[in-house]
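# Notes for the structure review
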Amino acid sequence: MKLIQKDPDLSAYLAADEAIDHDHPRVRETAERIAEGAEDSYDYARRAFEFVRDTIPHSQDSGDPRVTWRASDVLEQRTGICYAKAHALAALLRAEDIPTALCYQRLDVVHGLIAVRFDGAWHRQDPRGNKPGVDARFSLGHERLAFTPDREAGEADCPELYPAPHPAVLAALKAAGDRARLWATLPTAL
């Protein structure tokens, strides 16, 4: 699949916004901690991915009713669904000047992940969190995402790379008082 960069200006994929608040002290402190001992930007990106995937439980898997959407809140509260975890990873990568996009898959609902730019190309990564049947890994070669869309069921990979969260995703996250309400309002299409 050919990925489509929605904004031709690569600096848009380094910018902070209300959800990807990499200028927040909590994000900066976390990025600095992850960067300690990293050999290079590739190693840092892998470490940041593993940090988000492995230390921030997916709220559906853990049963946590809280809804987070801002990267700094995800890092503080240590919970989030796929979108929130993608925001946190994007913030940690952008904090170290690694261009990062938000991207999506259309499954039974829209699933959020990120794409990181290395060696002149975008590479999708899914920090959702592993569980039985899900084995996402950081990879700049063959994709190791959490889910493979079922084309026969109408599922698909969305090729667009966004510099900021899609408005439908952000609106659902912001409006939900708890995860049960969020689950009832997750976007099914973008």
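Being a predicted model, the structure only gives us computed values, none of them experimental.

Burial analysis of strand β4 (residues 121–125) places four of its five residues in the buried class, which makes it a mostly covered element. Counted between consecutive antiparallel strands, the loop separating strand β3 (residues 110–118) from β4 contains two residues, among which Asp-119 sits at a positive phi close to 55°.

Before going further, it helps to spend a moment on the pairing of strand β2 (residues 100–106). With six of its seven residues buried, β2 lies for the most part within the structure. Where β2 and β3 come together, seven bridges link them in antiparallel fashion. Counted as the bridge partner of Gln-105 is His-111 from β3. As judged from the two bridges shared by β2 and strand β5 (residues 156–157), these two strands associate in the antiparallel manner. Directly across from Arg-106, in β5, lies its bridge partner Ala-156.

The volume enclosed by the largest pocket comes to roughly 260 Å³. Around the largest pocket, the lining comprises 15 residues; the ones closest to its centre are His-58, Asp-108, Val-109, His-111 and Trp-183. Listed by contribution, the elements that provide at least two residues to the lining of the largest pocket are α5 (82–95) and β3. Across the lining of the largest pocket, the residue classes break down as nine nonpolar, three polar and three charged.

Next up on the list: unusual backbone geometry. One non-glycine residue with positive phi stands out, namely Arg-78, at about 55°. Turning to its location among the elements, Arg-78 is positioned in the loop between α4 (71–77) and α5. Here the phi dihedral of Asp-119 falls at roughly 55°; this positive angle occurs in a residue that is not glycine. Take Asp-119: it is sitting in the loop between β3 and β4.

A few words on the nonpolar core. Grouped together as the largest cluster of nonpolar side chains are 45 residues, with contacts concentrated most on Tyr-44, Tyr-83, Leu-92, Leu-93, Tyr-104 and Ile-114. Looking at this core, the elements with two or more residues in it are α1 (25–35), α2 (41–55), α4, α5, β2, β3 and α6 (167–175). In contact with Leu-93, other than residues within four places in its own chain, are Tyr-44, Ala-45, Ala-48, Ile-98, Thr-100, Ile-114 and Val-116. Among the nonpolar cores identified, the runner-up in size contains 10 residues, and Ala-101, Leu-113, Trp-122 and Leu-161 belong to it.

Orientation of α1 relative to α2, taken along the N-to-C sense of each, is 120°, at an axis distance of 9 Å. Put simply, α1 runs oblique to α2. As α1 runs across α2, the sense of the crossing is right-handed. Packed against α1, whose contacting residues are Thr-30, Ala-31, Ile-34 and Ala-35, the element α2 presents Tyr-44, Arg-47, Ala-48 and Phe-51 at the interface. Class assignment for the residues of the contact of α1 with α2 results in six nonpolar, one polar and one charged.

Taken as a whole and assessed by the stated rule, the structure comprises 15 salt bridges. Put simply, Glu-76 and Arg-26 hold a salt bridge, and the shortest N to O gap is 3.4 Å. Highlighted residues: Glu-76 in helix α4 and Arg-26 in helix α1, separated in sequence by 50 residues. On the basis of relative accessible area, Glu-76 is assigned to the partly exposed category, the value being 46%.

Conventions we followed
Residues numbered from 1 in each chain as written. Predicted model: local features only at pLDDT ≥ 70, side-chain atom pairs only at ≥ 80, totals over all residues. Heavy atoms only, no water. Buried < 20%, exposed > 50% of the residue type's maximum accessible area, 1.4 Å probe, protein only. Helix = DSSP H or I, 4+ residues; strand = E, 2+ residues; numbered from the N terminus. Pairing = 2+ DSSP bridges. 1 Å grid on protein atoms, 1.4 Å probe; cavity = no way out; pocket = protein on both sides within 12 Å on 5 of 7 lines; lining within 4 Å. Points joined across faces, edges and corners; volume = space filled by probe spheres on them. Nonpolar A, V, L, I, M, F, W, Y, C, P; charged D, E, K, R; others polar. Core = buried A, V, L, I, M, F, W, Y, C linked by side-chain atoms within 4.5 Å. Contact = heavy atoms within 4.5 Å. Axes fitted to C-alpha atoms, helices over the stretch in contact; angles between N-to-C directions. Parallel < 35°, antiparallel > 145°, perpendicular 65-115°, else oblique. Left-handed = near helix turned anticlockwise from the far one by under 90°. Salt bridge = Lys/Arg side-chain N within 4 Å of Asp/Glu carboxyl O.

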